[in-house]
Every structure is written in structure tokens, then in C-alpha cells.
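Observations on the model geometry
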Amino acid sequence: MTTTTAPTRRTWWKTGIGLVLTGLMLFPVYWMINVSFTRDRDMRASPPHLFPVDGTVEGYRAVFDQQLPYLGTSFLVGLGTVALTVALSAPAGYALAKLRPPGGRALSFLLLTAQMIPGIIMAMGFYASYLELGILNTLPGLILADSTLAVPFGVLIFTAFMSGVPDELLQAAVVDGAGRLRTFWSVVLPLSRNAVVTVSLFAFLWAWSDFVFASTLAGGGGHQPITLGIYRYIGNNNQQWNAIMATAVVASVPAAVLLVLAQRYVSTGITAGAVKD
Amino acid sequence: MAATVPPGYRVSRAGRWSAWAFLAPVTGYLVICYAYPLYRNVELSLREYTVRSFVQGGAPFAGLDNYRTALADPTFGPALTHTLVFTVASLVLQFTIGMALALFFHQHFPLSRTLRAVILVPWLLPLIVSASTWSWLLNSDAGLVNAALGVVGVDPVHWLTSPRWSLVSVIIANVWIGVPFNLVVLHSGLQAIPAELYEASALDGATGWQRFRSITFPLLRPVSAITLLLGLIYTLKVFDLIWIMTRGGPADSSTTLATWSYRLGFGNLLPRFGPGAAVGNLLIVLALLAGLGYLRRQRRQQS
């Protein structure tokens, strides 16, 4: 690479600055972990303890005693949202990328504008309809609402990705007598594995993180996700910050896993979602 | 390429229409999950709903009464101002810091890739996690921020509990969440600028600032525009963060249109769905106006 011709001694101090900047940005995350291990009596110590030297796992015990049902719900909602999002957006991406349907551009535009609608407004409309249908406080109801966070993004990613599948491959499939559906299922979809992974990861993360739909559509029932678990914690026991922060740490696990296992896809997802043609 | 191979995956006219078979699910979904809730929301805002008529139906048509109620409410002015201040301040700060970090990480140095990946964490965390972490950091008595200010001799600031600082507090937290996104997108934009341009200008003796002004900034304009537009859309929508940190308080000092709409509809024992929906619809209009105005300006600049 032409830009890295500078001697290494000159670039190492930049690594130093980079480390400091990253440390500053991530300091709140460290603080969350630190507080999750801090004893109740040290919580208001002055000056605050910068390291959990005399720490406790009380907070985590509280999580496993009280928050497991919430975590289970979030997990199921996340998986359901992934399934629904991929099932809806992959075929749409294929059609928009390869079949040039009349009105396809208009549909893409509608999907883009759909993303601009604030969640709180969607929530109010969903609430009114769910109340009539009797599906407030149900898993399918929450999954359907959460999927609206991911479907437009999914279509965008699949369209961008499937445009890159060579036309010759599709031609060959047609020559071999494969129909549209078969071409999609056995040629295009297997080649789009990366897009499936990217869309699934983000759909799971967004559903897992959702608070707006959870608090409006699932706030009163037996299926409450972890975001509501934390929210109730903050409301109920204002003093037990180690338990609140321990729950927050546990709720951050999917984000961390995603970043470690799939960093490549994360960057792809962010930039593909932003830098459209 | 051989002449017998058509240039595209050619599809007949009938074939192009049958492509809608693949689009049917998502089209139906758009109707059920976007159009219908939006329609219900408009309907809510045009009727006089009570809890009873909300469940049983039969709410009388009220015309624009709910909108009048909302506009005449003493909360409306502050909520609108806070929405604008929150959005503009967040966008400017996120973009500036994100751009500075993107330029810094664009220089290749050991570990730059890894650090750039790790810095994404704030953007990936659930908002409730970031919001509660910042709530504790900014706690008046036991928060680390006030402890740090105390070291340099500044009196404790009531970040979340004084009307003077609550909006600033939620802006700080929101900027923290948005910087990584700006960094990643702007960085990808920087990578698309050919290195030869910089080499040529370096030969001409251009300084770093001159290179930024005459090469980076103009060539980064399309990516910057998209970054800001997406930032705008996300920021106008922000509700969770403010609601969890301050509930829009104290005394409406951090209430935005989004949190106000939620409070009207869901935040009280006696819900006021009509005015809540009306405020929500005003927010949509604002979002669309901002988005369209921005797109138009972009187009004019390009032509």
C-alpha cells in the first residue's frame, strides 16, 4: 500500500493516540462493567472506585434469579424477527435486483420512506389494531412489529448484494430448465449467504434492542423482553445499580458477539445501508 | 464476450410482471405493517377517543380538534424547540467528531483496523443499556462525571435533574451513540478517494489542511450528504434514550415531539390517544419536510 511508506517508529505513536481515543469512546462501557461488580455500599463512594477490586457478583446473581424469562423472550423474539425479515426481504431483493419488475423503483422508494416513520407513531397504530385483534402482549405481535425495524434494510441489502450475482449464472440455470423460483432458491440464495448473515445479524440485534414496541405492545403481559426487564429495574429499585448494570452487561452480549464473530458483516451492513448507488 | 450471450439476464415483458410474485409478500407487508398503522394513527388523530371508545369503537369524528389542542398546549412550543435543538446539535457534533476520527483512522497505523472495529460498540448497544449507563455516569451525587469535575474544582452539575442541563445531557449521550456510525460511513467514503490525488497534491506542496479543503471535502460530499440525511432520520426518531434518561423532564425541559407523543398516548394513567397521535403526525410531517428539503438542496447543488 502506498500510504504506509512512513517508518514504523512514526506510526506507533499514532497507535498510541488511537488507543487513547478508543479508550475515551469506550469508557462508558467499561464503567457499566465496573459498576456491575461494585458492592452496594461502595456505590456512592467518593471518589468512585475506578476498579472493582473488592467486587461482588451479587448483581449477576440477581440477573440470573430474576431476568432469565426476559432474556428468553428477547431471544425468541429475535429469532422470529430474523426468520420473518429474511423470508420477506430475500425474494424482494431478488426481484428488484434481477427481474426488473415494472414499478420496482417506486417500491424501493416506498421502502426507503417507510424507514423515516418514527417508531413511536407506528407503535400507536399497532396498538390500536392489536387491541382489536387481541394480539397485544403476544410473541407473534411483537415479532411482527419488530420486523418493521429490519425489513426495509433487508430489502436494500439483498438488492445490493444480488445485483452482484453474474447474469450468466442465472442464464445457465434457465438453460438447464430451472424456473424463477428454482433459480432463486438453488442459485441466487446460496450465493447470497453473506447477505443472509448480515441481514440476520442486524434483524436480531434490532429486535433484541427494541424498547418502543416492547413497552407499548408487550408491556402488560407475560412475554416481556429484556429491555423492559432493565426498564422495570430502573423504576423499581433505584438503589441496586450493580444489578441494573449487570443486566445491561448481559443485554449487551449479543452486540459483543456480533462484533467479535462478524465484524466484517457489520461494516458491510452499515456502509451498504448508507452508501446506496 | 461472445455475441450469442445476451448482455443481461433478459426477461420478457410478461416475465417482468410475473416478478411481482416475488414482491407480493413484501408489498402486502408494507400495506399491513406500514400503511395500516399509519392510517390508524391518522384516524386516531381525527376522532375524539376515550379509553372506552378506544376499546369498543364509536368515537365521534372531531376534525382537527386534536391538532388544535396539541398546538395550543403550552408544551408544544418547547417540545418543537427541543426537537430542533436536539437534532441540530446531535447532527453537527456527531458529524464533526465522526469526521475527525475517520480522518485519523484513515492513516494506516498498527491496530487501526481493530480499533476502528471496537469503537463501534456504542452504536451496537441496545439504547436502554446506553441510556442507563449514562444516567448513572451523570448522576448528581454519585456519578463519575461530577466526581471528575470535582477534581478540577467545578461544583456538581445536576445533569438530569435541573431544567438547565437535561437537554444537554441527552444530547451528550446521543452524540456518543451516533459518532461510531458517522465514523464508519465517512471512513468508507475516504477509502474511495484515490490515493494518487493526494500524492499529486503533495508533490505540488499542498499542506494537510489545503488537501482536506480541496480534495477530501469536495470528494466526500455525496457520502457526507447521505450520512447527514440518515443521521437526521434517526435523530428525529429518538425517543427511548430521552424517555429512559429524563422522561422528558424535569418540567418538560427535555421533552421532544417524540417523547411528548408517547407521554400523551402511553405515559399517563388516562391516555389521550387523539392528541398523542396528532403530535406524532406533526413529527412525521416535520421528518418528511426535512428529508425532502434536504434532497432538493442536494439535487440543486449537483446540477
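Note that this is a predicted model, so its numbers are computed, not measured. (Residues numbered from 1 in each chain as written. Chains lettered and ligands numbered in written order. Predicted model: local features only at pLDDT ≥ 70, side-chain atom pairs only at ≥ 80, totals over all residues. Heavy atoms only, no water.)

Once that is clear, we can look at the overall build of chain B. If you tally the helices and strands in chain B, you get 16 helices and zero strands. In terms of C-alpha radius of gyration, chain B reaches 25 Å, well past the compact-globule figure of 19 Å for 303 residues. For chain B, buried positions account for 52% of its 303 residues. At a minimum sequence separation of 6, the contacts of chain B that also span at least 24 residues come to 65%. Counting every atom, chain B has about 14200 Å² of accessible surface; 65% of that belongs to carbon and sulfur. Computing the positive centroid from 21 side-chain charges and the negative centroid from 11, chain B places the two 12 Å apart. (Helix = DSSP H or I, 4+ residues; strand = E, 2+ residues; numbered from the N terminus. Rg over C-alpha atoms; globule rule 2.2 N^0.38 Å. Buried < 20%, exposed > 50% of the residue type's maximum accessible area, 1.4 Å probe, protein only. Contact = heavy atoms within 4.5 Å. Areas by Shrake-Rupley, 256 points an atom, 1.4 Å probe, with all protein chains shown as cover. Lys, Arg positive; Asp, Glu negative; His and termini not counted. Charge placed at Lys NZ, Arg CZ, Asp CG, Glu CD.)

Here the focus is unusual backbone geometry. Among all residues except glycine, the phi angle is most often negative; among peptide bonds, the trans geometry is most common. Phi at A:N137 takes a positive value of approximately 60°, unusual for a residue other than glycine. On the accessibility criterion, A:N137 (24% relative accessible area) is partly exposed.

The feature "transmembrane region" (unreviewed entry), as given by UniProt, occupies residues 20–39, 84–105, 117–137, 165–186, 219–245 and 273–295 of chain B in the numbering adopted here. For residues 273–295 of chain B, the end-to-end C-alpha separation is 33 Å, with 100% helix and 0% strand making up the annotated structure. (UniProt positions renumbered as here; feature names shortened; annotations may be inferred.)

Turning to the UniProt feature "domain: ABC transmembrane type-1" (unreviewed entry) in chain B, a few remarks are in order. Following the UniProt record, the feature "domain: ABC transmembrane type-1" (unreviewed entry) maps to residues 80–294 of chain B here. Helix makes up 75% of residues 80–294 of chain B and strand makes up 0%, while its end C-alpha atoms are separated by 19 Å.

Okay, empty space enclosed by the protein next. By the definition in use, this model includes two cavities of 30 Å³ or more. The volume enclosed by the largest cavity comes to roughly 80 Å³. Forming the walls of the largest cavity are A:W31, A:N34, A:V35, A:T38, A:D42, A:M43, A:P48, A:H49, B:W136 and B:A142. At three residues, the largest contribution of residues to the lining of the largest cavity is made by helix α1 (residues 8–36) of chain A. Considered as a void within the structure, the second largest cavity measures approximately 50 Å³ in volume. Together, A:F37, A:T38, A:D42, A:H49, A:F51, A:P52, A:V53, A:D54 and A:G55 line the second largest cavity. (1 Å grid on protein atoms, 1.4 Å probe; cavity = no way out; pocket = protein on both sides within 12 Å on 5 of 7 lines; lining within 4 Å. Points joined across faces, edges and corners; volume = space filled by probe spheres on them.)

It is worth spelling out the interface of chain B and chain A at this point. Each partner contributes residues to the interface: chain B has 94 residues there, and chain A has 103 residues. Of the roughly 8900 Å² buried at the junction of chain B and chain A (both faces included), carbon and sulfur atoms supply 77%. Linking chain B with chain A are two salt bridges. A:E132 is the salt-bridge partner of B:R40, the closest N and O atoms lying 2.9 Å from each other. The interface formed by chain B and chain A holds eleven residue pairs in polar contact (both at pLDDT 80 or more) in total. (Buried area = accessible area lost by both parts, 1.4 Å probe. Salt bridge = Lys/Arg side-chain N within 4 Å of Asp/Glu carboxyl O. Polar contact = N/O pair within 3.5 Å; in protein donor to acceptor, adjacent residues only side chain to side chain.)

Before going further, it helps to spend a moment on the confidence of the model for chain A. Residue and element names in this part refer to chain A. With 93% of its residues at a pLDDT of 70 or more, chain A has an overall mean of 87. Confidence, read as mean pLDDT per element, is least for helix α14 (residues 253–274) in chain A (77) and greatest for helix α6 (residues 139–147) (96). Scored below 50 in pLDDT, residues 1–6 makes six contacts in the model with residues more than four places away or belonging to other chains. (pLDDT = per-residue confidence, 0-100.)

On to the packing of aromatic side chains. Scanning the entire structure with this criterion turns up 35 aromatic pairs over all chains. Look at A:F204 and A:W208: their rings are 5.9 Å apart centre to centre, the planes differ by 25°, and that puts the pair in the stacked class. Of the two residues, A:F204 and A:W208 are both situated in helix α10 (residues 193–209); the distance of four residues between them amounts to about one turn of the helix. Both rings, one in B:F105 and one in B:F109, keep their centres 6.0 Å apart while their planes meet at 35°; by these two values the pair is tilted. On the basis of relative accessible area, B:F105 is assigned to the buried category, the value being 1%. By way of ring pairs, the aromatic residues A:Y127, A:F211, A:Y231, B:F239, B:W243, B:Y262, B:F266 and B:F273 are connected into one cluster. (Phe/Tyr/Trp six-rings, centres within 6.5 Å; stacked < 30°, edge-to-face > 60°.)

Before going further, it helps to examine the environment of A:I143. Residue and element names in this part refer to chain A. The topology assignment puts I143 in helix α6. Classification of I143 as buried rests on a relative accessible area of 16%. For the pair I143 and A214, spaced 71 residues apart in sequence, the C-alpha separation works out to 9.8 Å. Contact partners of I143, with chain neighbours within four places excluded, come to L76, V77, G80, T81 and L84.

Residue and element names in this part refer to chain A. A grouping of V253, V257, V260 and L261 is seen on the molecular surface, where their side chains present a nonpolar patch of about 400 Å² in accessible area. Structurally, the position occupied by L261 is in helix α14. Taking the relative accessible area as the measure of exposure, L261 reaches 69% and is therefore exposed. (Patch = residues over 30% accessible without salt bridge, like charges linked within 9 Å, V, L, I, M, F, W, Y side chains within 5 Å.)

A few words on α6(A). Since there are 3.6 residues in each turn of an α-helix, residues three or four apart along the chain are aligned in direction. Along α6(A), the positions that sit buried rather than exposed are A:G141, A:L142, A:I143, A:A145, A:D146 and A:S147. Summarising the contacts, the buried residues of α6(A) are in contact with α3 (68–99), α5 (119–133), α7 (151–162), α10 and α11 (212–217) of chain A together with α2 (20–45) of chain B. Measuring from the side-chain oxygen of the N-cap residue of α6(A) to the backbone nitrogen of A:G141 gives 3.3 Å; that N-cap residue is A:T138.

All names here are of chain A. Look at α3 against helix α9 (residues 180–191): their axes get within 11 Å of each other, and the N-to-C directions meet at 100°. With respect to their mutual orientation, α3 and α9 come out roughly perpendicular. Along its contact with α3, which presents A90, P91, Y94 and L99, the element α9 presents R180, T183, F184, V188 and L189. Its residues assigned to classes, the contact of α3 with α9 shows seven nonpolar, one polar and one charged. (Axes fitted to C-alpha atoms, helices over the stretch in contact; angles between N-to-C directions. Parallel < 35°, antiparallel > 145°, perpendicular 65-115°, else oblique. Nonpolar A, V, L, I, M, F, W, Y, C, P; charged D, E, K, R; others polar.)

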